[in-house]
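# Understanding the architecture of this molecule
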Amino acid sequence: MSLTKTSTEIDALRRGGLLLSQALQAAVDAVKPGVTIRSLDAIATEVIEKGGGKPSFRGYKAGGSIPFPSTVCISVNDEIVHGLGNRNLVLKEGDIVGLDIGLWLENLATDMAVTVPVGNVSQERLALIRLTRDAMYAGIDAVKLGGNIADIGDAVEDAVDGRYGIVTALVGHGVGHKVHEPPHIPNYRAGKAFPTVKIVSGMVLAIEPMLTTGDSDVTTGDDGWTIKTLDGSDAAHFEVTIAVTEAGVEILTPQPKVRI
Ligand code: MG
């Protein structure tokens, strides 16, 4: 499989990324104490389907045998990623909630995520969210033509500067022709354990740091999907799909507007 996309494909990915961002924005705008996560999933699904897209996570198996049941992965507090979005779980004041969403449009996949506060949250939780967001932008800034994919994880780790745990059990990825495709993109300093992958024009990459207020160890919930911190500490996750071309780095999935 090609690691790169044509300019025609990148044009389509830009349209897909915009629709995905609009779906995520609609869900984010509905986040408040008392809402079920299932209702957020329904809002995002409607925007994607009205825009002619198809949710890419619903039915996805990711190597396991259980198809993912919802459009959005919705992960609350100590849940890091892959929380089931079809739950009747009610968000409470002070929670933090990660919304991770992907779609197909014109046969191309995009992927993005944001973590947002529910009502008033503690300064500690806000700080975790902000630094995870900043770490994602540091990763984006590290992407240079001719550079190495590992530069992204190095930049994330430098931005975190030891203040939080960085999840290493999951990585970012190429995206576009598939929901997940090569190359793997570590969100941490991988060193020599990671093969050198040169960054070339036409790459479309999903960068997605996951930080915790505790250790980086994870465990999988009984549902077979939800990845949580092993020590019960809080977690935050941000994700963006970018395209690398001769013109530079372009964000294909504009970050939703969130007050954090
Ligand atoms: Mg992803």
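Our structure's up above, just so we're on the same page.
Residues numbered from 1 in each chain as written. Predicted model: local features only at pLDDT ≥ 70, side-chain atom pairs only at ≥ 80, totals over all residues. Heavy atoms only, no water.

## Examining the overall build of the protein
The helix and strand inventory of the protein stands at 4 helices and 15 strands. Computed over C-alpha atoms, the radius of gyration of the protein comes to 17 Å, within 12% of the 18 Å expected from 2.2 N^0.38 for 260 residues, which places it in the range of a compact globule. Projected onto its principal axes, the C-alpha positions of the protein cover 45 × 45 × 35 Å. Taking all 260 residues of the protein together, 53% fall into the buried category. Contacts in the protein between residues far apart in sequence, at least 24 positions, make up 70% of those at least 6 positions apart. In the form shown here, the protein has an accessible surface area of approximately 10,800 Å², with 50% of it arising from carbon and sulfur atoms. Averaging the coordinates of the 23 positive side-chain charges in the protein and doing the same for the 32 negative ones gives two points 4 Å apart. (Helix = DSSP H or I, 4+ residues; strand = E, 2+ residues; numbered from the N terminus. Rg over C-alpha atoms; globule rule 2.2 N^0.38 Å. Buried < 20%, exposed > 50% of the residue type's maximum accessible area, 1.4 Å probe, protein only. Contact = heavy atoms within 4.5 Å. Areas by Shrake-Rupley, 256 points an atom, 1.4 Å probe, with all protein chains shown as cover. Lys, Arg positive; Asp, Glu negative; His and termini not counted. Charge placed at Lys NZ, Arg CZ, Asp CG, Glu CD.)

## Looking at the pattern of salt bridges
What the rule picks out here adds up to 12 salt bridges. Between Asp-95 and Lys-92 there is a salt bridge, with its nearest N and O atoms 3.8 Å apart. What makes Lys-92 exposed here is its relative accessible area of 52%. One continuous salt-bridge network, built from bridges that share partners, spans Asp-11, Arg-14 and Glu-250. (Salt bridge = Lys/Arg side-chain N within 4 Å of Asp/Glu carboxyl O.)

## Notes on the coordination of the magnesium ion
At this site the magnesium ion is bound by Asp-111 (OD), His-173 (NE2), Glu-208 (OE) and Glu-239 (OE), with donor distances of 2.2 to 2.4 Å. Sequence spacing of the donors to the magnesium ion: D-x61-H-x34-E-x30-E. With Glu-208 in the loop between strand E9 (204-207) and strand E10 (210-212) and Glu-239 in the loop between strand E13 (235-237) and strand E14 (240-245), the pair connects residues that are 31 residues apart, well separated along the chain. According to the relative accessible area criterion, Glu-208 is buried, its value standing at 6%. (Donors = N, O, S within 2.8 Å, 3.2 Å for Na, K, Ca; no water.)

## A word on the side chain of Arg-125
Counting through the fold element by element, Arg-125 comes out in helix H3 (residues 123-141). Judged by its relative accessible area of 17%, Arg-125 is buried. Looking at Arg-125, its side chain comes within polar contact range of the side chain of Asp-234, at 2.9 Å. Once residues lying within four places of it in the same chain are set aside, the contact partners of Arg-125 are Asn-77, Gly-94, Asp-95, Ile-96 and Asp-234. (Polar contact = N/O pair within 3.5 Å; in protein donor to acceptor, adjacent residues only side chain to side chain.)

## Here we look at the nonpolar core
The biggest cluster of nonpolar side chains holds 57 residues, and the ones touching the most others in it are Leu-91, Leu-99, Ile-101 and Ile-149. Looking at which element gives the most residues to this core, the answer is H3, with 7 residues. Excluding residues within four positions of it along the chain, Leu-99 makes contact with Leu-24, Val-28, Val-31, Leu-40, Val-72, Cys-73, Ile-74, Met-112, Ala-113, Val-114 and Val-116. Among the nonpolar cores identified, the runner-up in size contains 10 residues, and Leu-108, Val-175, Val-204 and Ala-243 belong to it. (Core = buried A, V, L, I, M, F, W, Y, C linked by side-chain atoms within 4.5 Å.)

## Observations concerning the sheet that holds E10
Spatially, E6-E10-E13 is the arrangement adopted by the 3 strands of the open sheet, whose pairing is antiparallel. The open sheet has two edge strands, strand E6 (165-166) and E13, and neither has a second partner. Strand direction decides the pairing type here: E6 and E10, joined by 2 bridges, are antiparallel. For Ile-166, the partnering residue across the bridge sits in E10 and is Leu-211. Each of E10 and E13 is contacted by H3, which is oriented at about 35° to E13, the strand it contacts most. (Pairing = 2+ DSSP bridges. Axes fitted to C-alpha atoms, helices over the stretch in contact; angles between N-to-C directions.)

## Considering the packing of helix H1 (residues 7-29) against helix H2 (residues 37-50)
Angle between the axes and distance between the axes: these two values describe a pair of packed helices. With their axes 8 Å apart at the nearest point, H1 and H2 run at an angle of 150° to one another. Viewed along their axes, H1 and H2 adopt a mutual orientation that is roughly antiparallel. For the crossing formed where H1 meets H2, the hand is right-handed. Counted together, Leu-19, Leu-20, Gln-22, Ala-23, Ala-26 and Ala-27 of H1 and Leu-40, Ile-43, Ala-44, Val-47 and Ile-48 of H2 form the full contact between these two elements. (Parallel < 35°, antiparallel > 145°, perpendicular 65-115°, else oblique. Left-handed = near helix turned anticlockwise from the far one by under 90°.)

## As for the environment of Ala-62
Position of Ala-62 among the secondary structure elements: in the loop between strand E1 (54-55) and strand E2 (72-76). Assessed through its relative accessible area of 48%, Ala-62 is described here as partly exposed.

## Some thoughts on H2
An ideal rise of 1.5 Å per residue puts 20 Å on 14 residues; H2 measures up with 20 Å between its terminal C-alpha atoms. Turning to H2, the residues buried within the fold contact H1, E1, E2 and strand E4 (96-105). Directly after H2, the chain includes Gly-52, whose backbone phi takes a positive value near 85°. (Expected span 1.5 Å × (residues − 1).)

## A few points about unusual backbone geometry
With an omega of 0°, the peptide bond between Pro-182 and Pro-183 qualifies as cis. For Pro-183, the location among the structural elements is in strand E8 (residues 181-185). The backbone phi angle of His-82 is positive, close to 65°, even though this residue is not glycine. Its place among the elements puts His-82 in the loop between strand E3 (79-81) and E4. Unusually for a residue other than glycine, Asp-161 sits at a positive phi of about 55°. Here Asp-161 shows up in the loop between helix H4 (150-160) and E6.

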